[in-house]
Number of protein chains: 2
Amino acid sequence: MQEVSGGNSGANMIQDVVTMYDLIIVGGGPAGLAAGIYAVRYGMDVLVLERSVVPGQISLTGVIENYPGFASISGIGLMEHFREHAEAAGVIIKTADVEKVKDAGDKKIVVTYDEGELESRTVIIATGAEPRRLDVAGEDKFLGRGVSYCATCDGPFFAGQDVIVVGGGDSAITDALILSDIAAKVYVVHRRDELRSCELLEKRAHKKGNIEFIWDTVIEEILGEELVKKVLLKNVRTGDRTEMPISGVFVSIGILPRTELVDVDKNKSGFIKTNERMETSVSGIYAAGDCRETILWQVVTAVGEGAIAAVSAHEYIMVRE
Amino acid sequence: MQEVSGGNSGANMIQDVVTMYDLIIVGGGPAGLAAGIYAVRYGMDVLVLERSVVPGQISLTGVIENYPGFASISGIGLMEHFREHAEAAGVIIKTADVEKVKDAGDKKIVVTYDEGELESRTVIIATGAEPRRLDVAGEDKFLGRGVSYCATCDGPFFAGQDVIVVGGGDSAITDALILSDIAAKVYVVHRRDELRSCELLEKRAHKKGNIEFIWDTVIEEILGEELVKKVLLKNVRTGDRTEMPISGVFVSIGILPRTELVDVDKNKSGFIKTNERMETSVSGIYAAGDCRETILWQVVTAVGEGAIAAVSAHEYIMVRE
């Protein structure tokens, strides 16, 4: 399970290390920064590593209206508030891409591509997740302008309008059900002629008066001007192409957590398993936010998980002092 | 377990009811308002009941520096942001004191002192908790000016200063350990000559160089000018009184959740037990925030729990449609 790189044999690997941190947080999104804020308040020597200058999937989100305290704010704007807060609290944030987090018992080794190897007594994985993309023309262009990867986040912007959900799994049908209470009409576009979702969800969808299924079909292009106006659909059996006017396209074909960098227990989709203390299967390594197996992936839940992970890391160190 | 007041015999009790809500949220603090924001976004017909005009224990908190996005804000200021946000999102907040939440199967009956009985398909209990108080002179006057009930929240304001923790249980010793990394010196004032906390915590406290125990002693008065300057201590064995200069008094003698209004499974301290979906032992009744059994009671965790409770309540209704 654990890759041991400490001890004598690994001594040369850690020659660049100048400090033993109490806590290194991998990921500078909402979970990571919340963890950082709590950790410095506990007097911990903490470092946040974020690979991009504008951190987090949240930065790709157009408008956020469900993080309490900010009635309406851009994803980038909210992240700026988080970052300013964290830095004011004394959190040090470094731009570095992490290749691997290794467990060497009482210390953890964080291998980065750009900053060498760093040592820490504890690590919080807050690397987030990315939605699987359609990879079609218009998808990037209309992100936040009609294209969304989160019905819970963006559904309310489409009240009374017609929307498409792409996908056939549980999350796609759940999204369709959520949107059916908000939008005028919900079309579920699925590349097969049957759903992969559970029967119960399917029954509920069929009972809704405003959910319609479009089988054997994929989106080939998303079109519009300032906002999405229509999609080009292709029937994969007949090859027929049709244009369809639509206001919103919700892509719900899976989420890819960024967790390959750490060897801890994960579910089959790659999300890290933790208990309520955010402890992973490896002692001293915690997970918080979108990369963690849970039932709701939102900013509002990520921050709480980050705080709990920091409390647990602090507790871990206190026990060993 | 459940008090049935529906059916024929109880028909007269619900004559005032004009609406069946999808969701009634009892409590308008961070958890309750976050739940409300999520619920209206799911298209639910939702009502928040808050007994006081200035809601939540948070309003009693001086300065909050650990809710991500607000580097430093008063408790009242943060609650104003939350309330404005909730109202902008369409959440209806009513001032009403709830006497009892009754389970009548597919509907729940919320009995209020001032607004009669209300019916709802689901209920979220977000009634919060209150710290047990010392009930000594100066305690109210210096709240937020040296007197605190939360080491995690307020500890950082006392960096390099001397503080007292009052209490002898696990939470008091945990608070002392947290403060020992921040404050210069931590005195634990306890009315008995031994701790009620677990041995492991006690050992850790004794190993710290800057934690000192003052046994058989209570605080009789908290004194100061603008801020706390000293306390009057009384030895309960000898009756001797001494003054002691101090900057902060952390009261850690228990937390009282406000949960007597609902019949669901609770722990021995009265906190409501839930699973990770915030489901209580009664179907359709959820709990979130400080009134819930958990490992960290903070604004940052309460909002996430509120959001999850709203998602679960929405799911509950979807299944039954």
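Conventions we followed
- Residues numbered from 1 in each chain as written.
- Chains lettered and ligands numbered in written order.
- Predicted model: local features only at pLDDT ≥ 70, side-chain atom pairs only at ≥ 80, totals over all residues.
- Heavy atoms only, no water.
- Buried < 20%, exposed > 50% of the residue type's maximum accessible area, 1.4 Å probe, protein only.
- Helix = DSSP H or I, 4+ residues; strand = E, 2+ residues; numbered from the N terminus.
- Pairing = 2+ DSSP bridges.
- Right-handed = clockwise from strand over helix to strand, strands pointing away.
- Core = buried A, V, L, I, M, F, W, Y, C linked by side-chain atoms within 4.5 Å.
- Contact = heavy atoms within 4.5 Å.
- Buried area = accessible area lost by both parts, 1.4 Å probe.
- Salt bridge = Lys/Arg side-chain N within 4 Å of Asp/Glu carboxyl O.
- Domains from an automatic or database assignment.
- Disulfide = S-S within 2.5 Å.
- Axes fitted to C-alpha atoms, helices over the stretch in contact; angles between N-to-C directions.

## Regarding the pairing of strand β11 (residues 162-166) of chain A
Residues and elements named next belong to chain A. Counting buried positions over the five residues of β11 gives four, a clear majority of the element. For β11 and strand β12 (residues 185-189), the ladder comprises five bridges, and the chain directions are parallel. Counted as the bridge partner of Val-166 is Val-189 from β12. A crossover links β11 with its parallel partner β12, the connecting element being helix α4 (residues 170-180), and its sense is right-handed. In the sheet, β11 pairs with strand β17 (residues 248-251) via four bridges, with the strands oriented parallel. Within β17, the residue paired with Val-166 across the bridge is Val-251.

## What about α4 of chain A?
Of all eleven residues that make up α4 of chain A, eight are buried, and the element is covered over most of its length. Restricting attention to buried positions, one finds in α4 of chain A the residues Ala-172, Ile-173, Asp-175, Ala-176, Leu-177, Ile-178, Leu-179 and Ser-180 of chain A.

## Some words on the nonpolar core
Tyr-67, Leu-78 and Ile-124 of chain A together with Tyr-67, Leu-78 and Ile-124 of chain B are the most contacted members of the largest nonpolar core, which totals 90 residues. Apart from the residues lying within four places of it in its own chain, the contact partners of Leu-78 of chain B are Ile-58, Ile-64, Tyr-67, Phe-70, Ile-73 and Val-299 of chain B.

## Side note on the interface of chain A and chain B
Accessible area lost upon the coming together of the parts serves often as the stated size of an interface. Facing 44 residues of chain A, the contacting portion of chain B comprises 44 residues. Interface area for chain A against chain B, summed over the two sides, is near 4300 Å², with a carbon-plus-sulfur share of 61%. For the interface between chain A and chain B, the tally reads four salt bridges. Here Glu-65 of chain A ties to Arg-41 of chain B by a salt bridge, and the two come within 3.8 Å at their closest N and O atoms.

## Comments concerning the domain arrangement of chain A
All names here are of chain A. In terms of domains, chain A is made up of domain 1 (2-130 + 255-318) and domain 2 (133-251). The C-alpha-based centres of domain 1 and domain 2 are spaced at 33 Å. Counting residues at the interface gives six residues for domain 1 and six residues for domain 2. Together, the buried faces of domain 1 and domain 2 total about 500 Å²; carbon and sulfur atoms form 59% of this surface.

## Describing the state of the cysteines
As enumerated under the stated definition, the model contains two disulfides over all chains in all. Across a sulfur-sulfur distance of 2.1 Å, Cys-150 of chain B and Cys-153 of chain B are joined as a disulfide pair. Measuring the twist about the S-S bond at about 70°, one finds the Cys-150 of chain B-Cys-153 of chain B disulfide to be right-handed. Residue Cys-153 of chain B is classed as buried on the basis of its relative accessible area, which comes to 18%. Of all cysteine sulfurs in the structure, the one in Cys-150 of chain A sits closest to Cys-291 of chain A, which takes part in no disulfide; the separation is 17 Å. Overall, Cys-291 of chain A belongs to the buried group, its relative accessible area being 0%.

## Some details on the pattern of salt bridges
All names here are of chain A. In the structure shown here, the tally under the stated rule is 38 salt bridges over all chains. Arg-292 is the salt-bridge partner of Glu-305, the closest N and O atoms lying 3.0 Å from each other. Here the residue Glu-305 occupies a position in helix α6 (residues 299-320), and Arg-292 occupies one in the loop between β19 (285-287) and α6, the gap between them amounting to 13 residues. Take Glu-305 and Arg-292: they sit in the same class, and that class is buried. Linked by salt bridges that have partners in common, Asp-193, Asp-216 and Arg-237 make up one network.

## Section: the sheet that holds strand β16 (residues 241-245) of chain A
Residue and element names in this part refer to chain A. With antiparallel pairing, the three strands of this open sheet are ordered in space as β14-β15-β16. The sheet is open, and its two edges are formed by β14 (217-224) and β16, each paired on a single side. Pairwise comparison of adjacent strand axes, ignoring direction, gives a mean angle of 25° for this sheet. As judged from the seven bridges shared by β14 and strand β15 (residues 228-235), these two strands associate in the antiparallel manner. Pairing of Thr-217 across the sheet is with Asn-235, part of β15.

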